[in-house]
Amino acid sequence: MESPSNNNSVVVVSPGGVGPVKPIQAPQQQQQNHKRPAGDTENDGPYTSSKKKQKTPQPKNAVCALNELKTGAVYKVISQTGPTHAPIFTMVVQVDGQCYEGKGRTKKMAKHAAAELALRNIVQFRNSSEVHQAINAAVQGGVGGVGGFSVEPDFTSDVTEKDLMNAFKACPQEPKAMNKFMDKGPVAIINELYPGVVYKCVADNGESYAKFTVSVTIDGESFEGTGPSKKLAKAAASKAALAKLRNVHSSSFHMPMITKMPQSHMKFGNWQEQLSLPQTLADKIGKLVNQKFSELMQNKPQHARRKVLAGIVQTQGQQCDIICVTTGTKCVSGEHLSVSGRALNDCHAEVIARRCLCEYLYNQLKLHTEDKQSESIFEPGPKGFKLKDGIQFHLYINTAPCGDARIFSPHEDSDSVDKHPNRRARGQLRTKIESGEGTIPVKTSESIQTWDGVLMGQRLLTMSCSDKIARWNVLGIQGSLLSHFIEPIYFHSIVLGSLLNPSHMYRAVCGRIENTIQGLPPPYRLNKPLMSLITSSEVRQPGKAPNYSVNWTTGQLEAEIINCTTGKDELGKPSRISKQGLFGKFHYLLSQLDTITDVDKTICTNYLDAKASVQNYALAKHQLKDAFARAQLGCWVKKPMEQDMFEVSV
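Residues numbered from 1 in each chain as written. Predicted model: local features only at pLDDT ≥ 70, side-chain atom pairs only at ≥ 80, totals over all residues. Heavy atoms only, no water.

Peer 1: When you look at the overall build of the protein chain in this model, what are you seeing that I'm missing?
Peer 2: A count of helices and strands for the protein chain gives 20 helices and 21 strands. Burial analysis of the protein chain (650 residues in total) assigns 53% to the buried set. In the protein chain, the share of contacts with a sequence separation of at least 24, taken over all contacts with a separation of at least 6, comes to 65%. Surface exposure of the protein chain reaches about 30300 Å², of which carbon and sulfur atoms provide 49%. (Helix = DSSP H or I, 4+ residues; strand = E, 2+ residues; numbered from the N terminus. Buried < 20%, exposed > 50% of the residue type's maximum accessible area, 1.4 Å probe, protein only. Contact = heavy atoms within 4.5 Å. Areas by Shrake-Rupley, 256 points an atom, 1.4 Å probe, with all protein chains shown as cover.)

Peer 1: Teacher, can you tell me more about the sheet that holds strand E8 (residues 221-227) here?
Peer 2: In any sheet, the strands associate via hydrogen bonds between backbone groups, in a parallel or an antiparallel arrangement. Strand order in this open sheet of three strands is E6-E7-E8, and the pairing throughout is antiparallel. Every other strand in the sheet has two partners, leaving strand E6 (199-203) and E8 as the edge strands with one partner each. Strand-to-strand twist across the sheet, computed as the mean angle between neighbouring axes with direction ignored, equals 30 degrees. Summarising the sheet, E6 and strand E7 (residues 212-218) pair through four bridges and their orientation is antiparallel. Its bridge partner being in E7, lysine 200 is matched across the sheet by serine 215. (Pairing = 2+ DSSP bridges. Axes fitted to C-alpha atoms, helices over the stretch in contact; angles between N-to-C directions.)

Peer 1: Can you help me understand the UniProt feature "domain: DRBM" (unreviewed entry) in the protein chain in this one?
Peer 2: This chain's UniProt record puts "domain: DRBM" (unreviewed entry) on residues 58-124 and 211-247. A helix fraction of 46% and a strand fraction of 38% characterise residues 211-247, whose end C-alpha atoms lie 27 Å from each other. (UniProt positions renumbered as here; feature names shortened; annotations may be inferred.)

Peer 1: Explain the sheet that holds strand E15 (residues 439-441) to me, please; I cannot follow it from the model alone.
Peer 2: Strand order in this open sheet of three strands is E15-E14-E16, and the pairing throughout is antiparallel. At either end of the open sheet lies a strand with only one pairing partner, and these are E15 and strand E16 (462-463). Pairing analysis gives three bridges linking strand E14 (residues 430-432) to E15, with the strands arranged antiparallel. The residue bridging lysine 432 from the neighbouring strand is threonine 439, located in E15.

Peer 1: Would you take a moment to explain the packing of helix H12 (residues 349-369) against helix H15 (residues 465-475) for this structure?
Peer 2: Packing of H12 against H15 leaves a shortest axis separation of 9 Å and a crossing angle of 35 degrees. Within the contact between the two elements, H12 uses Glu350, Val351 and Arg354 and H15 uses Cys465, Lys468 and Trp472. Residue composition of the contact of H12 with H15, by class: three nonpolar, no polar and three charged. (Nonpolar A, V, L, I, M, F, W, Y, C, P; charged D, E, K, R; others polar.)

Peer 1: Hey, could you run me through the pattern of salt bridges in this one?
Peer 2: Side chains that carry opposite charge are capable of pairing whenever their charged atoms lie near each other. A full pass over the atoms with the stated rule returns 14 salt bridges. A salt bridge links lysine 292 to glutamate 295; the nearest nitrogen and oxygen atoms lie 3.1 Å apart. Taken together, the residues lysine 292 and glutamate 295, both in helix H11 (residues 279-296) and three residues apart, mark about one turn of the helix. A residue is classified by how much of its surface remains accessible, and glutamate 295, at 45% relative accessible area, is partly exposed. Salt-bridge contacts for aspartate 467 lead to arginine 512; the nearest nitrogen and oxygen are separated by 2.6 Å. Placement of aspartate 467 in helix H15 and of arginine 512 in the loop between helix H17 (502-509) and strand E18 (530-533) is noted, with a sequence separation of 45 residues between them. By the burial criterion, aspartate 467 is buried, and arginine 512 matches it. (Salt bridge = Lys/Arg side-chain N within 4 Å of Asp/Glu carboxyl O.)

Peer 1: Sorry if this is basic, but what is going on with the environment of lysine 585 here?
Peer 2: Inspection of the secondary structure assignment puts lysine 585 in helix H18 (residues 579-592). Spatially, the C-alpha atoms of lysine 585 and valine 648 are 9.7 Å apart, while their sequence positions differ by 63 residues. Setting aside chain neighbours within four positions, we find lysine 585 in contact with Glu359, Tyr362 and Asn363.

Peer 1: Is there a simple way to think about the pairing of strand E13 (residues 391-397) in this case?
Peer 2: The side chains of a regular strand alternate between the sheet's two faces. Within E13, six of the seven residues are buried, which leaves the element mostly enclosed by the surrounding structure. Judged from the seven bridges that link them, strand E9 (residues 309-316) and E13 form a sheet pairing that is antiparallel. Its bridge partner lying in E13, isoleucine 312 is registered against leucine 395. The pairing of E13 with strand E17 (residues 493-496) spans four bridges and is classified as parallel. Counterpart to isoleucine 397 in the pairing with E17 is leucine 496.

Peer 1: Any chance you could explain the nonpolar core here in plain terms?
Peer 2: As a rule of thumb, nonpolar side chains are buried together in soluble globular proteins. Residues Leu361 and Phe393 are the most contacted members of the largest nonpolar core, which totals 82 residues. The greatest single-element share of this core, amounting to 10 residues, is contributed by H12. In contact with leucine 361, not counting residues within four places along its chain, are Ile377, Phe378, Phe393, Gln478, Leu482, Ile486 and Ile489. Residues Ile285, Met297, Ile322 and Ala559 belong to the second largest nonpolar core, which totals 24 residues. (Core = buried A, V, L, I, M, F, W, Y, C linked by side-chain atoms within 4.5 Å.)

Peer 1: It is not clear to me how H11 should be interpreted in this structure. Could you clarify?
Peer 2: Side chains of residues three or four places apart in an α-helix project in the same direction, reflecting 3.6 residues per turn. Helix length check: H11 (18 residues) gives 26 Å between terminal C-alpha atoms against 26 Å at 1.5 Å per residue, within 8%. The complete set of buried residues in H11 reads Gln279, Ala282, Asp283, Ile285, Gly286, Val289, Asn290, Lys292, Phe293 and Leu296. (Expected span 1.5 Å × (residues − 1).)

Peer 1: Would you mind showing me how to read the environment of phenylalanine 646 here?
Peer 2: Relative to the helices and strands, phenylalanine 646 is located in the segment after helix H20 (615-630). A relative accessible area of 5% means that phenylalanine 646 is categorised as buried. Sequence separation between phenylalanine 646 and tyrosine 607 is 39 residues, and the spatial gap between their C-alpha atoms is 5.8 Å. Discounting residues that sit within four places of it in the chain, phenylalanine 646 has contacts with Val339, Ser340, Gly341, Lys579, Gln580, Phe583, Thr605, Asn606 and Tyr607.

Peer 1: Before we go on, may I ask you to explain the pairing of E18 in this structure?
Peer 2: Taking every second residue as pointing to the same face, both faces of E18 are buried, with Leu530 and Ser532 on one and Met531 and Leu533 on the other. In this structure, E17 lies alongside E18, joined through four bridges in parallel fashion. What sits directly across from serine 493, in E18, is leucine 530. Note on the crossover from E17 through H17 to E18: the handedness is right-handed. (Right-handed = clockwise from strand over helix to strand, strands pointing away.)

Peer 1: What is the right way to look at the packing of aromatic side chains in this model?
Peer 2: The relative placement of two aromatic rings is captured by the distance of their centres and the angle of their planes. For the structure shown, the criterion picks out eight aromatic pairs. Centre to centre, the rings of tyrosine 607 and phenylalanine 646 are 4.7 Å apart; their planes meet at 15 degrees, and the pair counts as stacked. In this pair, tyrosine 607 sits in helix H19 (residues 607-612) while phenylalanine 646 sits in the segment after H20, placing the two residues 39 residues apart along the sequence. The same class applies to tyrosine 607 as to phenylalanine 646, namely buried. Following the ring pairs from residue to residue traces out a cluster consisting of Phe485, Phe583, Phe586, Tyr607 and Phe646. The lysine or arginine in question, lysine 211, covers the ring of phenylalanine 212, its NZ or CZ lying 5.9 Å from the ring centre. Across from the ring centre of tyrosine 199, 4.7 Å away, lies the NZ or CZ of lysine 234, which sits over that ring. (Phe/Tyr/Trp six-rings, centres within 6.5 Å; stacked < 30°, edge-to-face > 60°. Lys NZ or Arg CZ within 6 Å of the ring centre and 35° of its normal.)

Peer 1: So what exactly am I meant to see when it comes to helix H7 (residues 186-193) here?
Peer 2: Looking only at H7, the buried set comprises Pro186, Val187, Ile189, Ile190 and Leu193. Down the axis of H7, the buried side of the element spans an arc of 160 degrees, and every buried residue falls inside it. (Arc of directions from axis to C-beta.)

Peer 1: Even after reading the chapter, I still don't get the packing of H12 against H18, so can you show me in this structure?
Peer 2: The angle between the axes and the distance between the axes are what describe a pair of packed helices. At a minimum axis separation of 10 Å, H12 and H18 run at an interaxial angle of 20 degrees. The pairing of H12 with H18 is recorded here as roughly parallel in orientation. Here H12 and H18 pass one another in a crossing that is left-handed. Facing H12, whose interface residues are Arg355, Cys358, Glu359, Tyr362, Asn363, Leu365, Lys366 and Thr369, H18 presents Lys579, Leu582, Lys585, Phe586, Tyr588, Leu589 and Gln592. A class-by-class count of the residues in the contact of H12 with H18 yields seven nonpolar, three polar and five charged. (Parallel < 35°, antiparallel > 145°, perpendicular 65-115°, else oblique. Left-handed = near helix turned anticlockwise from the far one by under 90°.)

The following block contains the structure:
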């Protein structure tokens, strides 16, 4: 683009394309009252002589001019739209607490466009002519906008430009001492901040995914990290040190700082403080789960192989207690679906972990029947029981849950822009594949499954773990039966061992229905758990997933091994955490706590009726399914009702 030659104007390019033509004073006019030295020609610039023409300084480009005017300007790439062969980048520069946005076909062009806009807004303060020259040079170079045409926003993107700008403003700014380091790896940062520190390999006999343990001591405090190699373990130890000493989250080294976060959190500033656990607590939770699993597998080494590991940790103040540990990635085969509630339908680690937690909650309520209230985590509430103050539950998973949270999650070292070809399907409800791995989007025709259809070979569908976690964030993790006795319980946080992308994770577990969920009966609500990534990030394990699932709940002597295909243990016996097993615990409490709760025993002999009789829970579940439907994300798929039409075994 070139300025018209017949007037003193320059084309000012806005982030969205070409803006209005604004007149500015040309440098030649600014100097017209100065006396020319004798011999100057008409085409010579000011202060040049006919004897020796002085070299005219070239105007600085917009980025250089801005860097001289305002030191410490921070640039961020916040989005990439358009096709792969013709991308359009959007970049924001932050100056004096203000953000300015520019677009371009390359990151360099977008950076110049952002700098131009910033310069126009600070021109009133100093060096007006230099700023205009810089903008003019940038326009002549074609870096403003995208070749002179307006750029339309990508309405298929999860994050609007307004959201991204707000997110940038909310993005935490590291101290200046850290800013210059953040493009480097954690080990390099530690070496520059703390010269002379010594790393030691303290163990080399762990599992393949955490074979080495490296320790580093800084200012008298030791920090450890694990990994499949010494290099990765060393990096993990450095991250742990930075988290404690410099408040740098582990996720800072794996993902872009700018992600779509809820407006209610962004306005408070540092989203990592608002939406993340303290790094030391997240690491402690991950360590407790991994250590307990290793301990359990010492006597069962043949079942130590796994793809997904999950566990739940209970905290109260500084105290942390491991509640359960589980593994598994598969679901029951349709031919083994049980009409008596004796088979585990879903053996994915996260789902089994919640069932183990339910077992733990039943055992805690049982303490009240034995006059051991002081040992219980529950205390009497307005209706039944509630958790004692300060008790929180944290879900740990070694990777992002299957479904919406994982299908779109980039690997930790990928670019900040999501280029997934199916991005228009973000948020869609998904189902697991029978006796296999992976998920597929739901279809309207598949929302109802029939018993005879399954027996005739119809594929058995089970909702993805991302969808089930989203369900727990509305209905609670206690399920319908326990809702007869206790108030809803929600996870305080979800800690991942790898593949945490805050934007995708937030959307999957609560964000996709936050604008459509309505009419929830108190005390049900939309829970928004904290999300964190451990420093000793787990490396993906190659090989085929095993066909068994391991589960252990506190109080058990050893882990239980379940055949994922049959949903029962290795001897063909039902699991203690099967529907039938937990229904038996429910009936025991019903007979012992009848003076505390107003449960109608006559309608609770049948499992299906016992679940449906909790009216507020049933209403909340109806509103949850409606919220997904209103968001046009698909219909919740339910298994044949015949599987729940059983009575408690005696």
